[in-house]
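# Architecture at a glance
The lines below spell out each chain.
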Amino acid sequence: MFLEPKLKNTTHKKGWIEVVCGSMFSGKTEELIRRVNRSRIANLKVEIYKPAIDTRYHDTEVVSHNSNAIESIAVDSSLTILLMHQNADVVGIDEAQFFDNEIIYVCETLAQKGVRVIVAGLDMDYLGKPFGPMPSLMAIAEYVTKVNAICVVCGDLATHSFRKSKSDNQVLLGEKDVYEARCRHCFTEGMSNKTKG
Ligand code: ZN
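Okay, so let's go over this structure. Remember, predicted model here, so these are calculated numbers, not experimental data.

The next point concerns the coordination of the zinc ion. Within the protein, the zinc ion binds to Cys-151 (SG), Cys-154 (SG), Cys-183 (SG) and Cys-186 (SG); these donor distances fall in the range 2.3 to 2.4 Å. Angles of 99 to 119 degrees at the metal separate the 4 donor atoms of the zinc ion, which places the site in the tetrahedral class. All donors of the zinc ion come from a single chain, and their spacing in sequence reads C-x2-C-x28-C-x2-C. Linking Cys-154 in the loop between strand S9 (149–150) and strand S10 (157–158) with Cys-183 in the loop between strand S12 (179–182) and helix H5 (184–196), this pair joins segments that are 29 residues apart in sequence.

So this is what it looks like as structure tokens:
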């Protein structure tokens, strides 16, 4: 389990970037919420942002699949985060894969200002390819945590998000009706069955 190197910066404020990534149903958002809640217990000021595109559950809440809700601000572009940031010690960003590439600059700017930035997102899209700004965020982060789901086919650790439908839009929101978590082997098998069928 990830433990913060320090929660409070008493002498000089030094920020950093953490990335929590993995497939669908891997518990990324739960891990983001866990870290944010620890900061709240330490009396730190927290802000959470998510892209306006992801309104699956509720407009102003980061809601994970187990309904562990936390209040968040939906923004249209990543630069809006810099405009809206108000002295929070900790900034959480959920579903970061849906943001534009400016999110990298945004995270670096916040960290430079002394903010602890916690970014959660899908590392791969439904084709198993790196998703949006996630690879760059993982590269610039001080700490990267990959979380895994369980493969619905074989029960091994799952790293991939398999899309059950045939849509080829990179952004297709949904959960258990649209996607399932699969290991690399079962993902590849499913993909080749799709092209055959
Ligand atoms: Zn499997």
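In spatial order, the strands read S5-S2-S6-S7-S1-S8; together these 6 strands make up an open sheet with parallel pairing. The open sheet has two edge strands with one neighbour each: strand S5 (73–75) and strand S8 (143–147). Ignoring which end each strand starts from, the neighbouring axes of this sheet average 20 degrees apart. Of the pairings in the sheet, the one linking strand S1 (residues 16–22) to S8 comprises 5 bridges and is parallel in character. Bridge assignment links Gly-22 to a residue of S8, and that residue is Val-147. Where helix H1 (residues 28–41) meets the sheet, it contacts S1, strand S2 (46–51), strand S6 (90–93), strand S7 (116–122) and S8, and its direction lies at approximately 165 degrees from that of S7.

Taken as a whole, this structure holds 3 aromatic pairs when the rule is applied. Here Phe-2 and Tyr-143 contribute two aromatic rings whose centre-to-centre distance is 5.4 Å and whose plane-to-plane angle is 65 degrees, an arrangement assigned as edge-to-face. Note that Phe-2 is positioned in the segment before S1 and Tyr-143 in strand S8, a separation of 141 residues in sequence. Geometrically, the ring pair formed by Phe-162 and Phe-187 is edge-to-face, given 6.2 Å between the ring centres and 90 degrees between the ring planes.

Extensive coverage of S2 is indicated by the burial of 6 of its 6 residues. Because side chains alternate across S2, one face comprises the buried residues Val-46, Ile-48 and Lys-50, and the other comprises Glu-47, Tyr-49 and Pro-51, equally buried. Bridging between S2 and S6 involves 4 bridges; their strand directions are parallel. From the neighbouring strand, Ile-48 faces S6, where its bridge partner is Gly-92.

It is worth spelling out the pairing of S6 at this point. Of the two faces of S6, the one carrying Val-90 and Gly-92 and the one carrying Val-91 and Ile-93 are both buried. Pairing of S6 with S7, which is carried by 4 bridges, proceeds in the parallel orientation. What sits directly across from Val-90, in S7, is Arg-116.

Turning our attention to the nonpolar core. The nonpolar side chains of a soluble globular protein tend to be buried, and buried together. Core analysis: the largest hydrophobic core is formed by 24 residues, its most contacted members being Ile-81, Ile-93, Val-119 and Leu-137. Of all elements in the fold, only S1, helix H2 (79–84), S6, helix H3 (102–112), S7 and helix H4 (134–140) reach the threshold of two or more residues within this core. Here this core takes 6 residues from H3, the largest share from any one element. Contact partners of Leu-137, with chain neighbours within four places excluded, come to Val-19, Ala-96, Ile-103, Ile-104, Cys-107 and Val-119. Formed by 13 residues, the second largest nonpolar core is a distinct cluster that contains Val-20, Leu-44, Ile-70 and Ile-118.

About the cut-offs
Residues numbered from 1 in each chain as written. Predicted model: local features only at pLDDT ≥ 70, side-chain atom pairs only at ≥ 80, totals over all residues. Heavy atoms only, no water. Donors = N, O, S within 2.8 Å, 3.2 Å for Na, K, Ca; no water. Tetrahedral: all angles 85-135°; square planar, octahedral: opposite > 155°, others 65-115°. Helix = DSSP H or I, 4+ residues; strand = E, 2+ residues; numbered from the N terminus. Pairing = 2+ DSSP bridges. Axes fitted to C-alpha atoms, helices over the stretch in contact; angles between N-to-C directions. Contact = heavy atoms within 4.5 Å. Phe/Tyr/Trp six-rings, centres within 6.5 Å; stacked < 30°, edge-to-face > 60°. Buried < 20%, exposed > 50% of the residue type's maximum accessible area, 1.4 Å probe, protein only. Core = buried A, V, L, I, M, F, W, Y, C linked by side-chain atoms within 4.5 Å.

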